[in-house]
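The primary structure of each chain is shown beneath.
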Amino acid sequence: MVKHLLAIDDVKDDFERILKWAIEFKRLWKQGDEVALNFVPLDTMAIGSIYEKPSTRTRVSFEVGVQRLGGSALTLLKNDIQLGKSETIGDTSHVLSRFLGGMTYRCFAHEDVEELAEHAEVPVINALSAKHHPCQAAADLMTVMEHHDDTEGLTVAWVGDGNNVLHDLMLACAMLGIDVRYACPEGYEPDEDVVERTMAYAKANGSSVMHTTDPVEAVAGAHVVYTDVFISMGEEHMKDKMSAFDGYQVNEEMVGHMDEKWSFMHCLPAHRGEEVTDWVMDHKQSIVFDQAENRMWAQMSLMTYLINEGAWDAMGEFMGLESS
Ligand code: CP
Ligand code: NVA
């Protein structure tokens, strides 16, 4: 059966191993290990990436990651292809499946990536929809694991909008048994179905989930604080939304309430001076550029897992990872 990644809990059974694989593969690759450098699970395959919205990190990390895995990357900008103009998503999906080994899709409506996957004969990866950003969450939790030897007892706090990035972050934290607190203003909470899924994973893994409208309550004693833009792509007309986030800026005073070994995270792009100050962004405890780099390593693990699981398992064994 074809495996897709539309939300991060689509890979819940192997999530921890996917992250450990990414961390270890990155380490081996950087130290010039011949096995890692010659690992080409996407050999002779083309991976196509459709974009309805702009992107820096996702586009570059997929293009470079696919090349490093021996494949070739095709970037398909929405205005340059027939999708949505003279062809349905379903027909586009059938056609692309005849050429490609996998597809990624950055879209507005989450239903559109679901529709692409429904008709696809190859794995589809959600490269950000209005509801989910699973590749970001994989890179984020990989980064958390790299910076904290033990995720036991760790608290991740979100301060900001209840958006796509929060959805997958909270799911991912709960899937790993990490405590999560989120401060979102009234009317901008995460979707109820995502909260319910998060609660169920947290319960199964013995961790906690807390919602508050008070950012200080969310960050008090926490180890990680994460924020994102208050107005996401596609919401540019909702300027009035900004006033709801008074007091939600992550700044020096706010991180002063955290554990002294706090880390700051942001999916980027950041609107400096809005949701975060320069002082926090540029602080040595800000790990935002590690997150950005890890988009590539996490996606290399995910692509191999989804597209060539045999190679993913074999490399996992080579790296000494326990099977999940
Ligand atoms: N974080 C992220 O998805 O960035 P891009 O929009 O630049 O891809
Ligand atoms: N929430 C943001 C994330 C950008 C990577 C957006 O959807 O625009």
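This section reports on the structure supplied with the text. (Residues numbered from 1 in each chain as written. Chains lettered and ligands numbered in written order. Predicted model: local features only at pLDDT ≥ 70, side-chain atom pairs only at ≥ 80, totals over all residues. Heavy atoms only, no water.)

Quick word on empty space enclosed by the protein
Okay, step 1: For the coordinates displayed, the defined rule picks out one cavity of 30 Å³ or more.
Okay, step 2: Lining the largest cavity are Ile47, Gly102, Met103, Thr104, Pro123, Ile125, Met303 and Ile307.
Okay, step 3: Looking at the lining of the largest cavity, the elements with two or more residues in it are strand 3 (102-106) and helix 12 (288-307).
Okay, step 4: For the lining of the largest cavity, the leading source of residues is strand 3, giving three residues.
Okay, step 5: For the lining of the largest cavity, a count of residues per class yields six nonpolar, two polar and no charged. (1 Å grid on protein atoms, 1.4 Å probe; cavity = no way out; pocket = protein on both sides within 12 Å on 5 of 7 lines; lining within 4 Å. Points joined across faces, edges and corners; volume = space filled by probe spheres on them. Helix = DSSP H or I, 4+ residues; strand = E, 2+ residues; numbered from the N terminus. Nonpolar A, V, L, I, M, F, W, Y, C, P; charged D, E, K, R; others polar.)

A few points about helix 4 (residues 89-99)
Note on helix geometry: an α-helix contains 3.6 residues per turn, so any two residues three or four positions apart are oriented the same way.
Okay, step 1: Those residues of helix 4 not exposed but buried are Ile89, Gly90, Thr92, Ser93, Leu96 and Ser97. The buried residues of helix 4 occupy one face: seen down the axis, they fall within an arc of 155°. Exposed residues on helix 4 whose side chains face more than 90 degrees from its buried face are Arg98 and Phe99.
Okay, step 2: Close packing links the buried residues of helix 4 with strand 1 (46-51), strand 2 (72-77), strand 3 and helix 5 (110-118). (Buried < 20%, exposed > 50% of the residue type's maximum accessible area, 1.4 Å probe, protein only. Arc of directions from axis to C-beta. Contact = heavy atoms within 4.5 Å.)

What to know about the nonpolar core
Okay, step 1: Residues Ile8, Val11, Phe15, Phe25 and Leu141 are the most contacted members of the largest nonpolar core, which totals 69 residues.
Okay, step 2: Residues contacting valine 11, with those up to four places away along its chain left out, are Leu5, Ile18, Leu302, Tyr305 and Leu306. (Core = buried A, V, L, I, M, F, W, Y, C linked by side-chain atoms within 4.5 Å.)

Description of the layout of surface pockets
Okay, step 1: Put simply, the largest pocket is a space of about 720 Å³.
Okay, step 2: In terms of lining residues, the largest pocket is bounded by 39 residues, among which Asn164, Val229, Ile231, Ser232 and Met233 are the most central.
Okay, step 3: Of all the secondary structure elements, the ones that give two or more residues to the lining of the largest pocket are helix 3 (57-68) and helix 7 (164-175).
Okay, step 4: In terms of residues, the lining of the largest pocket owes the most to one element, helix 7, which gives three residues.

Focus: the pattern of salt bridges
Okay, step 1: Summed over all chains, the structure comprises 17 salt bridges.
Okay, step 2: With a closest N to O distance of 3.4 Å, glutamate 16 and lysine 20 form a salt bridge. Note that glutamate 16 and lysine 20 are positioned in helix 1 (residues 15-30) at a spacing of four residues, about one turn of the helix.
Okay, step 3: Since its relative accessible area comes to 38%, lysine 20 is described here as partly exposed.
Okay, step 4: With its nearest N and O atoms 2.9 Å apart, the salt bridge here joins arginine 272 to aspartate 282. Of this pair, arginine 272 sits in the loop between strand 9 (263-266) and helix 11 (278-281) while aspartate 282 sits in the loop between helix 11 and helix 12, and the two are ten residues apart along the sequence.
Okay, step 5: Residue class for arginine 272 comes out partly exposed when judged on its relative accessible area of 39%. (Salt bridge = Lys/Arg side-chain N within 4 Å of Asp/Glu carboxyl O.)

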